[in-house]
Amino acid sequence: MLSRLGALLQEAVGAREPSIDLLQAFVEHWKGITHYYIESTDENTPAKKTDIPWRLKQMLDILVYEEQQQAAAGEAGPCLEYLLQHKILETLCALGKAEYPPGMRQQVFQFFSKVLAQVQHPLLHYLSVHRPVQKLLRLGGTAPGSITEKEEVQFTTVLCSKIQQDPELLAYILEGKKIVGRKKACGEPTALPKDTASHRDKDCFHDGAPARPQLDEESCGAQALNSHMPAETEELDGGTTESNLITSLLGLCQSKSRVALKAQENLLLLVSMASPAAATYLVQSSACCPAIVRHLCQLYRSMPVFLDPADIAALEGISWRLPSAPSDEASFPGKEALAAFLGWFDYCDHLITEAHTVVADALAKAVAEKFFVETLQPQLLHVSEQSILTSTALLTAMLIQLRSPALLREAVAFLLGTDRHPEAPGDNPCALYAHLIRHCDHLSDEISIATLRLFEELLQKPHEGIIRSLVLRNLEGRPYVAWGSPEPESYEDTLDLEEDPYFTDSFLDSGFQPRTKPRLAPATSYDGKTAVTEIVNSFLCLVPEEAKTSAFLEETGYDTYVHDAYGLFQECSSRVASWGWPLTPTPLDPHEPERPFFEGHFLRVLFDRMSRILDQPYSLNLQVTSVLSRLALFPHPHIHEYLLDPYISLAPGCRSLFSVLVRVIGDLMQRIQRVPQFPGKLLLVRKQLTGQAPGEQLDHQTLLQGVVVLEEFCKELAAIAFVKFPPHDPRQNVSPAPEGQV
């Protein structure tokens, strides 16, 4: 029994010896750092050339080894308790701010990062840890390009990772000192609920002061440290809490190196936390959203006042991961500032996409209020044409990059307002929407093209409110359908193009008012091949033969348009599939009171522009027809009927896209007679537009270019009608019928 007792005592002594040795070694290394400030007289020696980095590395290794040895116990070891009790991290933080010896701040950042990353014990819950962490954050992120930014971003990476694992840490990291102050004022203990260290270090949390060390020469070392610190380091506890993890990350995001990308990834990690409580705190108790949007506004204001829309288009699609434009592209004034702005906007959009719903909604609203309304809208409403042109082109570039549903919702409300009732000719829509509509018919063709391009991009976004606000709300109830007798059974009975449906828009001008009759559904059918052929041929044969030139150049023509339209229609159909649109037009209600039809401000300006296609520049005509084609692709039965059915019986005073085209053709037939050698000149203009002939100026150049656009647009509409109405097989060939058949 005595031998067994002796063996047990020997094992106990052997088990305690490593702990005593580790603590002694840990203290000796810390004393070695403090002695440097006693013995050193050269203040210019860099920290990396002293033994400080080596001693900090030994202290880290001891902490990690000690934790491995006590893994089963689950408690803080003596070395870790010493680190916490004697507030070594706070002292190191003060030395980092003092930057003595030179480069000490880098060493401190590295030590903090490695301790927090490698020590598995939950340290950030301790006041003696999260308070110096908060102080250290204030030292970084304030000067882009600083020598410590690499160490700073490593430090923030560790913090964001820890917060991701335990979202409750967010409040303490962001507000450290402020929370401590409130608890002290209320007489509460400053220890956090998750303190798990042994009783030996609890006193230091309750009284807020470190326990006095029992080691020799420590007081001497402390005096030496204080003598080498600047006076302002004593005021660290009273520093502002406005500088925290968020502001530090935003400062690092402005770096010109790869540090910026890492900082952006860290911020993304922070806002994507799954914890609703942490997300709510981030929105309500931090300046996260305002700070992100403030930087966006600053980047916008840093760009030149005037930018060429072509230059802006050249940089469309900038990614936040690669914000800089390729070096082989031509440079222009403001290119770097433009790339930085578009990159940060793309980053904001990505943040909103990945963030918790609470954060995403708050950030989207902040972008709408502070950037869209307060910063961008005054430029869009400006009287300066150049200001309108630049801001419209920038807004289009932003729409191209916009992906997040929350930000898209805010952008749609900003551009189009929230009213979804049918429009009236004399109503007063929201100010910005009204201005944009007027800009589509501006005296400046450049502004009209830029604004139409904005709407074209808007129509490609997956938001039902866009097409409903611009078109569908005015087609509800189908008030564009004529009141009167049933339509004939066959289309051959309605061959007179001078009568309804194509020219009923002249009735109101002539004072003709139709009598009120029961509303009857049109007889048009879309479920047979004959109806499809009639519709397609109506568009293909609309342009007279003497005004057609594409056949002379061996172009693919209509078949190519069918192939392209099929792909675009499939893409559009998949985008709207979840919107629950009906498959057939809404049945007309004979008891519904008559409502005067108004196509809406958007379609009105497009129809007006289309009616002047023979008098407008080629580039403007291309943009107008491009927007109308986008509209015609939407798989809504009312859009089918109103834009693509030539045989619809229009209500008096109404016009459709086909009736507008018929009037343009009528005008064209009169003008052809006044243009000498019209067929030859038209063919030459087409060759010029396709690059097959020199671009010399001809008489009636605008008219001839308009005819070319008109012919191609009619083929495009025929192709869209073919792929939208059954049968949908694009391989089926629909050949144009003889002209007299129309």
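Because the structure is predicted, anything quoted here is derived from the model rather than measured.

So, how was this worked out
- Residues numbered from 1 in each chain as written.
- Predicted model: local features only at pLDDT ≥ 70, side-chain atom pairs only at ≥ 80, totals over all residues.
- Heavy atoms only, no water.
- Helix = DSSP H or I, 4+ residues; strand = E, 2+ residues; numbered from the N terminus.
- Buried < 20%, exposed > 50% of the residue type's maximum accessible area, 1.4 Å probe, protein only.
- Contact = heavy atoms within 4.5 Å.
- Areas by Shrake-Rupley, 256 points an atom, 1.4 Å probe, with all protein chains shown as cover.
- Phe/Tyr/Trp six-rings, centres within 6.5 Å; stacked < 30°, edge-to-face > 60°.
- Axes fitted to C-alpha atoms, helices over the stretch in contact; angles between N-to-C directions.
- Parallel < 35°, antiparallel > 145°, perpendicular 65-115°, else oblique.
- Nonpolar A, V, L, I, M, F, W, Y, C, P; charged D, E, K, R; others polar.
- Salt bridge = Lys/Arg side-chain N within 4 Å of Asp/Glu carboxyl O.
- pLDDT = per-residue confidence, 0-100.
- Expected span 1.5 Å × (residues − 1).
- Patch = residues over 30% accessible without salt bridge, like charges linked within 9 Å, V, L, I, M, F, W, Y side chains within 5 Å.
- Lys, Arg positive; Asp, Glu negative; His and termini not counted.
- Charge placed at Lys NZ, Arg CZ, Asp CG, Glu CD.
- Disulfide = S-S within 2.5 Å.

1. Concerning the overall build of the chain
Next, step 1: The secondary structure content of the chain amounts to 31 helices and zero strands.
Next, step 2: The buried share among the 742 residues of the chain stands at 53%.
Next, step 3: Restricting to contacts in the chain with at least 6 residues of sequence separation, those with at least 24 account for 80%.
Next, step 4: Split by element, the accessible area of the chain, about 33600 Å² in all, is 53% carbon and sulfur.

2. Regarding helix α26 (residues 601-611)
Because the α-helix completes a turn every 3.6 residues, residues three or four places apart line up on one side.
Next, step 1: In terms of residue burial, α26 counts as a mostly covered element, since eight of its 11 residues are buried.
Next, step 2: Those residues of α26 that fall on the buried side of the exposure criterion are H601, F602, L603, V605, L606, F607, R609 and M610.

3. Points about the packing of aromatic side chains
Next, step 1: Applying the stated rule across the entire model yields 21 aromatic pairs.
Next, step 2: For the ring pair F372 and F414, a centre distance of 5.1 Å and an interplane angle of 15 degrees mean the geometry is stacked. Of this pair, F372 sits in helix α17 (residues 357-380) while F414 sits in helix α19 (residues 405-416), placing them 42 residues apart in sequence.
Next, step 3: Using a relative accessible area of 8% as the deciding quantity, one classes F414 as buried.
Next, step 4: Here a set of aromatic residues connected by ring pairs shows up, and it is made of Y300, F341, F371, F372 and F414.

4. Re unusual backbone geometry
Next, step 1: Cis geometry marks the peptide bond from Y100 to P101, where omega comes out at -10 degrees.
Next, step 2: Along the chain, the position of P101 falls in the loop between α4 (88-98) and α5 (104-118).
Next, step 3: The phi dihedral of E99 falls on the positive side, at around 55 degrees, and the residue is not glycine.
Next, step 4: Looking at where E99 falls in the secondary structure, it is placed in the loop between α4 and α5.

5. Some points on the packing of helix α2 (residues 52-69) against helix α3 (residues 78-85)
Next, step 1: Across the interface, α2 lies against α3 with an axial gap of 8 Å and an inter-helix angle of 130 degrees. Here α2 lies oblique to α3, going by the angle between them. Contacts between α2 and α3 involve I62, L63 and E66 on the former and, on the latter, P78, C79, L80 and L83.
Next, step 2: Classifying every residue of the contact of α2 with α3 gives six nonpolar, no polar and one charged.

6. Some thoughts on the environment of Q264
Next, step 1: The residue Q264 is located in helix α12 (residues 259-271) in this model.
Next, step 2: Q264 sits 10 residues away from Q254 along the chain, and the two C-alpha atoms are 9.5 Å apart.
Next, step 3: Leave out the neighbours within four places in its chain, and Q264 touches C253, W320, W344 and Y347.

7. What to know about the pattern of salt bridges
Pairing is possible between side chains that carry opposite charge, provided their charged atoms lie close to one another.
Next, step 1: Evaluation of the coordinates by the stated rule reveals 27 salt bridges.
Next, step 2: Between R321 and E265 there is a salt bridge, with its nearest N and O atoms 3.3 Å apart. Of the two residues, R321 is situated in the loop between α15 (309-314) and α16 (335-354) and E265 in helix α12; the sequence distance between them amounts to 56 residues.
Next, step 3: E265 sits in the partly exposed class, given a relative accessible area of 30%.

8. Quick word on the confidence of the model for the chain
Next, step 1: Of the residues in the chain, 76% have a pLDDT of 70 or more, and the chain-wide mean is 80.
Next, step 2: A low-confidence stretch, residues 176-222 stays under pLDDT 50, and its non-local contacts, those more than four residues away or across chains, total 78 contacts.
Next, step 3: pLDDT under 50 marks residues 727-742. Its contacts with residues more than four places away, or in other chains, come to 30 contacts.

9. Some thoughts on the environment of L415
Next, step 1: Position of L415 among the secondary structure elements: in helix α19.
Next, step 2: Owing to a relative accessible area of 1%, L415 belongs among the buried residues under this scheme.
Next, step 3: C-alpha separation for the pair L415 and I466, spaced 51 residues apart in sequence, amounts to 9.5 Å.
Next, step 4: Beyond its immediate sequence surroundings of up to four residues, L415 is in contact with L395, L399, C430, L432, Y433, L436 and L458.

10. Focus: α12
Next, step 1: Here α12 contains 13 residues, and its C-alpha end-to-end distance of 19 Å stays within 8% of the 18 Å for a straight helix at 1.5 Å per residue.
Next, step 2: With 10 of 13 residues buried, α12 lies mostly within the body of the structure.

11. Digging into the side chain of T148
Next, step 1: Structurally, the position occupied by T148 is in the loop between α6 (127-139) and α7 (149-165).
Next, step 2: Residue T148 is classed as buried on the basis of its relative accessible area, which comes to 5%.
Next, step 3: Leave out the neighbours within four places in its chain, and T148 touches R105, Q106 and F109.

12. Side note on the packing of α16 against α17
Next, step 1: Put simply, α16 and α17 touch, their axes get as near as 8 Å, and they point 145 degrees apart. On α17, the residues touching F341, F345, C348, L351 and I352 of α16 are A360, L363, A364, F371 and F372.
Next, step 2: When grouped by side-chain class, the residues that make up the contact of α16 with α17 number 10 nonpolar, no polar and no charged.

13. Brief notes about the environment of S538
Next, step 1: Tracing the backbone through its elements, the reader meets S538 in helix α24 (residues 529-540).
Next, step 2: Judged by its relative accessible area of 2%, S538 falls in the buried class.
Next, step 3: The spatial distance from the C-alpha of S538 to the C-alpha of F658 is 9.1 Å, given a sequence separation of 120 residues.

14. Points about a negative patch on the surface
Next, step 1: Side chains of D308, E385, D445 and E446 sit close together on the surface and give a patch of like negative charge.
Next, step 2: Along the chain, E446 falls in helix α21 (residues 445-458).
Next, step 3: Owing to a relative accessible area of 55%, E446 belongs among the exposed residues under this scheme.

15. Details of the side chain of R105
Next, step 1: Its location among the elements puts R105 in helix α5.
Next, step 2: Among buried charged residues, R105 stands out as having no salt bridge; its nearest opposite-charge side chain is E99, 4.2 Å away.

16. What about the state of the cysteines?
Next, step 1: Under the defined criterion, the tally for this structure stands at zero disulfides.
Next, step 2: C297 provides the cysteine sulfur closest to C348, a residue in no disulfide bond, and the two sulfurs are 9.3 Å apart.

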